[in-house]
Amino acid sequence: WHTHKEALKRKAEVENQINTGTFLPPNNQKVSDFLYDFVSTYGAKQWGVSMYDSQTALIANYINPIIGDMEVQAITPRVVDKYIQTPPVCKRNRKPKTEFISNQNIEKIIKLLRCAFKQAVRWELIAKNPFENTVLPKTEYKKRDIWDADTIRIALDQCTDSKLYVAMNLAFACSLRMGEILGLTWKNVHIEDENIAADNAYVYIEAELIRASKQAIEMIGEKDIFHIFTPLMPNTSTRLILKKPKTKSSERKVWLPKTVAYILREWKKAQDELKSFLGEEYQDYDLVVALPNGRPCENRIIEKEFSLLKEKAGLPNVVFHSLRHSSTTYKLKLNHGDLKATQGDTGHAEIDMITK
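Being a predicted model, the structure only gives us computed values, none of them experimental.

Thresholds applied
Residues numbered from 1 in each chain as written. Predicted model: local features only at pLDDT ≥ 70, side-chain atom pairs only at ≥ 80, totals over all residues. Heavy atoms only, no water. 1 Å grid on protein atoms, 1.4 Å probe; cavity = no way out; pocket = protein on both sides within 12 Å on 5 of 7 lines; lining within 4 Å. Points joined across faces, edges and corners; volume = space filled by probe spheres on them. Helix = DSSP H or I, 4+ residues; strand = E, 2+ residues; numbered from the N terminus. Nonpolar A, V, L, I, M, F, W, Y, C, P; charged D, E, K, R; others polar. Salt bridge = Lys/Arg side-chain N within 4 Å of Asp/Glu carboxyl O. Buried < 20%, exposed > 50% of the residue type's maximum accessible area, 1.4 Å probe, protein only. Axes fitted to C-alpha atoms, helices over the stretch in contact; angles between N-to-C directions. Parallel < 35°, antiparallel > 145°, perpendicular 65-115°, else oblique. Left-handed = near helix turned anticlockwise from the far one by under 90°. Contact = heavy atoms within 4.5 Å. Core = buried A, V, L, I, M, F, W, Y, C linked by side-chain atoms within 4.5 Å. Phe/Tyr/Trp six-rings, centres within 6.5 Å; stacked < 30°, edge-to-face > 60°.

Asks: Any chance you could break down empty space enclosed by the protein for me, citing the residues and the numbers?
Replies: Leftover empty space is mapped by rolling, across the atoms, a probe with the size of a water molecule. Under the criterion given, the structure shown has 2 cavities of 30 Å³ or more. Quantified by volume, the largest cavity comes out at close to 50 Å³. Along the walls of the largest cavity sit Tyr83, Ile84, Thr86, Ile101, Ile106, Ile109 and Ile110, which together make up its complete lining. Going through the elements one at a time, helix H4 (77–84) and helix H5 (103–122) are the ones with two or more residues in the lining of the largest cavity. Counting residues per element, the lining of the largest cavity draws most heavily on H5, which supplies 3 residues. Per-class residue counts for the lining of the largest cavity are 6 nonpolar, 1 polar and no charged. Reported here for the second largest cavity is a volume of approximately 40 Å³. Every residue lining the second largest cavity is listed: Trp186, Gln271, Lys275, Tyr282, Gln283, Asp284, Tyr285, Asp286, Leu287, Ala290 and Gly294. Of the residues assigned to the lining of the second largest cavity, the class counts are 5 nonpolar, 3 polar and 3 charged.

Asks: Go over the pattern of salt bridges, please, and point to the residues and values.
Replies: Side-chain pairing between opposite charges can occur once the charged atoms of the two side chains come close. Summed over all chains, the structure comprises 15 salt bridges. As a salt-bridge pair, Glu13 and Arg10 come within 3.1 Å of each other at their nearest N and O atoms. Of this pair, Glu13 and Arg10 both sit in helix H1 (residues 4–20), 3 residues apart, roughly one helical turn. On the basis of relative accessibility, which here comes to 25%, the residue Arg10 falls in the partly exposed class. Glu206 is the salt-bridge partner of Lys187, the closest N and O atoms lying 2.7 Å from each other. Linking Lys187 in the loop between helix H8 (178–182) and strand S1 (189–190) with Glu206 in the loop between strand S2 (202–205) and strand S3 (208–213), this pair joins segments that are 19 residues apart in sequence. We classify Lys187 as exposed; its relative accessible area is 54%. Members of the salt-bridge network, linked through shared partners, are Lys268, Asp272, Lys275 and Asp284.

Asks: Requested: an account of the packing of helix H7 (residues 162–174) against helix H11 (residues 258–278), with residues and values cited.
Replies: The contact between H7 and H11 brings their axes to 11 Å, and the two run at 155°. What the angle tells us is that H7 and H11 run roughly antiparallel. Note that H7 runs across H11; the crossing there is left-handed. Contact residues: Ser162, Lys163, Tyr165, Val166, Asn169, Leu170 and Ala173 in H7; Val260, Ile263, Leu264 and Trp267 in H11.

Asks: Can you tell me about the nonpolar core, naming the residues and giving the values?
Replies: With 49 residues, the main nonpolar core has Met168, Leu264 and Phe320 as its most contacted residues. For this core, the secondary structure elements donating two or more residues are helix H6 (149–158), H7, H8, S2, strand S5 (238–243), H11 and helix H12 (299–313). The element contributing the most residues to this core is H7, with 8 residues. Filtering out sequence-adjacent residues up to four positions away, Leu264 remains in contact with Val166, Leu170, Trp186, Val189, Ile191, Leu256 and Val288. Val80, Ile84, Ile126 and Phe131 belong to the second-largest nonpolar core, a separate cluster that totals 36 residues.

Asks: So what's going on with the packing of aromatic side chains? Residues and values would help.
Replies: All told, the structure shown has 12 aromatic pairs when counted by the stated rule. Residues Phe38 and Tyr42 carry aromatic rings whose centres are separated by 5.0 Å and whose planes lie at 15° to one another, so their mutual orientation is stacked. One end of the pair is Phe38 and the other is Tyr42, both in helix H2 (residues 31–46) and 4 residues apart, which spans about a single turn. Assessed through its relative accessible area of 0%, Phe38 is described here as buried. Look at Phe306 and Phe320: their rings are 5.4 Å apart centre to centre, the planes differ by 80°, and that puts the pair in the edge-to-face class. Of this pair, Phe306 sits in helix H12 while Phe320 sits in the loop between H12 and helix H13 (322–334), and the two are 14 residues apart along the sequence. We note that Phe306, like Phe320, is buried.

Take it as geometry only, folks, not as evidence of what the structure does.
This is the structure in structure tokens:
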């Protein structure tokens, strides 16, 4: 301190804090070093591979470039408010897409930092969490357009890509997510004669196909991973994996309409013919939606075909995921608003996701 009076005042504060058990010794650990510790100890235990990748991307792109060099103990509520107003920093010579970080991203960043600094309080690095009562900018969520049943019928009639045709039917009839469609295996498809005759044809959802970084797989471990696909290029930093769905409620049985059961039968027959024709060249992973050589089909392939279909048929511009929203809407209409029954098909963890 610069004056004797200030030093005495600080001495009295420290002695008082020691007596009350609230004293925290000065610590010059930087935010970037602290977040590295946080990810290694907390993230590795609590997150799945997708969460690990998204959270570490937020830290690398939006947190470390702006406040990474500041000391943890220097982060105050005022610093936090200023940080929210800061434009994004150019990362690896890539210019930010917008002048300011979107409100949705700010929400994700603050949620992550609130959790991290809660651990900092537990680890006795700081006395209070500066992110606890942060005033976030108001986020306005755009209403997503969906196709009605007639539009979906036109789209299916115009669809010439078999993989996309099967994927669209599964998304609309079974309310499946993209990763669940691409991770569905034939052992979980029950379309035998007796099943169809008794209206008991169903699919069982227990896996999803995603792309994850090698770092995430090494950090989190393989406890929820069924299979890691060998990459076509050995030196890539990511891997396609078949893993457990992110929540327990996502593991579910979904009944199939007879039409979809017959579509899947035809698809299986065509796939088996191709398999016998290719012989050893066919890589059999038992996947329902697979590439002609049996390898997993990535979501970008389906999305590209979906975009071409919309363009060719002159259909309203929606994302593939909106078929799941259309499905949920029609199921609620058919069952007169039975939220619980609809939740059984959609696999949402929280019922209010359906009402939203």
